[in-house]
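Residue strings, one per chain:
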Amino acid sequence: MSYANALKAQMSITSSYANDASAAYEMVMEQVRALPEDCLEDVSKYMNFLIYQHNINKMNSLVESENEFNAKMQKGYDDMVQGRVKSLKDAFSDIKRRFA
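Residues numbered from 1 in each chain as written. Predicted model: local features only at pLDDT ≥ 70, side-chain atom pairs only at ≥ 80, totals over all residues. Heavy atoms only, no water.

## Here we look at the overall build of the protein
Alright, step 1. The secondary structure content of the protein amounts to five helices and zero strands.
Alright, step 2. Split into buried and exposed, the 100 residues of the protein put 6% on the buried side.
Alright, step 3. When the accessible surface of the protein is split by element, carbon and sulfur atoms take 59% of a total near 9000 Å². (Helix = DSSP H or I, 4+ residues; strand = E, 2+ residues; numbered from the N terminus. Buried < 20%, exposed > 50% of the residue type's maximum accessible area, 1.4 Å probe, protein only. Areas by Shrake-Rupley, 256 points an atom, 1.4 Å probe, with all protein chains shown as cover.)

Structure below.
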């Protein structure tokens, strides 16, 4: 397939599948199929980079500030002092009773 034909196919696919996730997947697959074989390694590397970047962004949302961490630690300590927690042994005993 020539580059011009591949570009026309890409534009056609893009306009007809703009909002559908499975169609977007198909569009990407068609674009990959239209590439010369010597470009596939670069495509693979770029896709791995995108996956890495996505995973980093997911992990960043899990990071809490020092103030949030300290507040949670203080709440846990206060719960312990006030007797609002169970020992590990009691917690596992409860789990065994409920689910065994």
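## Details of the pattern of salt bridges
Alright, step 1. With the rule as written, the count across this model stands at seven salt bridges.
Alright, step 2. A salt bridge links Arg-33 to Glu-30, with the shortest nitrogen-to-oxygen separation between them at 2.8 Å. Pair noted here: Arg-33 and Glu-30 are both in helix 2 (residues 21–34), with a separation of three residues, about one helical turn.
Alright, step 3. The class of Arg-33 is exposed, set by a relative accessible area of 53%.
Alright, step 4. By relative accessible area, Glu-30 is classed as partly exposed at 36%.
Alright, step 5. Between Asp-79 and Arg-84 there is a salt bridge, with the nearest N and O atoms lying 2.6 Å from each other.
Alright, step 6. On the basis of relative accessible area, Arg-84 is assigned to the exposed category, the value being 52%.
Alright, step 7. Several salt bridges converge on common partners, so that one network encompasses Lys-75, Asp-79 and Arg-84. (Salt bridge = Lys/Arg side-chain N within 4 Å of Asp/Glu carboxyl O.)

## Some words on the confidence of the model for the protein
Alright, step 1. Per-chain confidence: the protein averages 84 in pLDDT, with 81% of residues scoring 70 or above.
Alright, step 2. The secondary structure element of the protein with the lowest average pLDDT is helix 1 (residues 3–16), at 59, and the one with the highest is helix 4 (residues 66–81), at 92. (pLDDT = per-residue confidence, 0-100.)

## Overview of a nonpolar patch on the surface
Alright, step 1. A grouping of Tyr-46, Phe-49, Leu-50, Tyr-52 and Ile-56 is seen on the molecular surface, where their side chains present a nonpolar patch of about 500 Å² in accessible area.
Alright, step 2. Mapped onto the elements of the fold, Tyr-46 is located in helix 3 (residues 40–60). (Patch = residues over 30% accessible without salt bridge, like charges linked within 9 Å, V, L, I, M, F, W, Y side chains within 5 Å.)

## Re helix 5 (residues 88–99)
Alright, step 1. In a regular helix each residue adds 1.5 Å, so twelve residues correspond to 16 Å; helix 5 covers 16 Å between its end C-alpha atoms and thus fits that length.
Alright, step 2. Buried residues are scarce in helix 5, accounting for one of its twelve residues. (Expected span 1.5 Å × (residues − 1).)

## Side note on the side chain of Asp-79
Alright, step 1. Tracing the chain through its elements places Asp-79 in helix 4.
Alright, step 2. The exposure class assigned to Asp-79 is buried, which follows from its relative accessible area of 14%.
Alright, step 3. At 2.6 Å, the side chain of Asp-79 and the side chain of Arg-84 are in polar contact.
Alright, step 4. Non-local contacts of Asp-79, meaning those with residues more than four positions away in its chain, are made with Arg-84 and Val-85. (Polar contact = N/O pair within 3.5 Å; in protein donor to acceptor, adjacent residues only side chain to side chain. Contact = heavy atoms within 4.5 Å.)

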